[in-house]
Amino acid sequence: EEETDTTPPIIKEVEALNEEVKRTTIDIYNASGKLHSVSMVQSRITDIKSSVKIIRQMRELVDKNHQAIDNLIMFIDEHQTFFYRKKLEWILSIKEFYSNQFVVQHHKSQAQYLAAFEVVLKYTFKNFNNIMELKSQQHMKSYDVYYMRYRRAADAHNRFNRKRIAFQKEFTQAHPEVKPFLPGSHHHEPFKFWDKFDF
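Residues numbered from 1 in each chain as written. Predicted model: local features only at pLDDT ≥ 70, side-chain atom pairs only at ≥ 80, totals over all residues. Heavy atoms only, no water.

Caption draft 1: Representation of the environment of Q110 in the model. Topologically, Q110 is positioned in helix α5 (residues 101-126). Judged by relative accessible area, Q110 falls into the buried class, the value being 10%. Sequence separation of Q110 and H157 is 47 residues, and the distance between their C-alpha atoms is 5.9 Å. Among all residues touching Q110, those that are not within four sequence positions of it are I28, V62, H66 and H157. (Helix = DSSP H or I, 4+ residues; strand = E, 2+ residues; numbered from the N terminus. Buried < 20%, exposed > 50% of the residue type's maximum accessible area, 1.4 Å probe, protein only. Contact = heavy atoms within 4.5 Å.)

Right, dumping it as C-alpha cells:
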C-alpha cells in the first residue's frame, strides 16, 4: 500500500521553486570552476575565446539564478498569510535570507565582476597581436585600464562574497531549519583572480 503524500501543494511549490534556485546556483559554481581552469592558461588566443564563451554562459546563468530567486521570494510573499496560519513562519526566513543586503549586494557584484571580466577578455582577444606581439603602447595602456576595472570589480566581489558567507553562517545558526534550502558550503570558496598578462 502506497503512503499518501500529505505535503500541502503550496509547500511543494516552495520546494520546487527552491530547487530551481539551487540548480542554477550549482550551474554557476560549476561554470566558474570551468572558467578558472581555462583562464589559468590564458595566454593563447583560443583560451581567451573559450573564456569569453564561458563568461557569456555564466552571465546567462546568473540572470536565470536571479530570476529563480525573484520567483521564490514572490511566491513566499503571495502566500505569507497561509504560512503564518499553518505556523510555517520558517519559510519566511528563506525570503529574509535572499532579501538580505549582503546577499543582494553579492549578486550585484557578481554581475559587475562578470561584465568587467568579459570586457577585458574581449579587448585582449580583439587586439591580441597589438598587445602580445607588437607591444603597442596605446593598446597596452587601454588593456591596463580595462584590467584595473576588472580587478576593482573582482576585489569588490570577493569582499561581498566574504560578507555573504559570514552572514549565511550566522543566519543558518539562528535558523537551522532553513539550512537545507540554502546554497551548500561548497559555494563558500573565495574565487581566484585571473592574472594579468606578462608582456
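Caption draft 2: Region of the structure containing the packing of aromatic side chains. Evaluated as defined, the whole model comprises 13 aromatic pairs. Ring geometry for F97 against F171: centres 5.6 Å apart, planes inclined by 55 degrees, an arrangement best described as tilted. Of this pair, F97 sits in helix α4 (residues 90-99) while F171 sits in helix α7 (residues 137-174), and the two are 74 residues apart along the sequence. Taken together, the ring pairs connect F97, Y98, F102, F167 and F171 into an aromatic cluster. Over the ring of F160 we find R159, and its NZ or CZ is 5.8 Å from the ring centre. (Phe/Tyr/Trp six-rings, centres within 6.5 Å; stacked < 30°, edge-to-face > 60°. Lys NZ or Arg CZ within 6 Å of the ring centre and 35° of its normal.)

Caption draft 3: Structural context of the nonpolar core. M58, Y113, F117, V120, L121 and Y150 are the most contacted members of the largest nonpolar core, which has 27 residues in total. Within the second largest apolar cluster, 25 residues are counted, among which are L88, L92, V178 and L182. (Core = buried A, V, L, I, M, F, W, Y, C linked by side-chain atoms within 4.5 Å.)

Caption draft 4: A look at unusual backbone geometry. Despite not being glycine, K87 shows a phi value in the positive range, around 55 degrees. Mapped onto the fold, K87 is located in the loop between α3 (80-85) and α4.

Caption draft 5: Spotlight on the environment of K22. Within the element layout of this structure, K22 appears in helix α1 (residues 9-39). Taking the C-alpha atoms as reference points, K22 and I69, separated by 47 residues in sequence, lie 9.4 Å from one another. In this structure K22 touches P180, F181 and L182, once residues within four positions along its chain are discounted.

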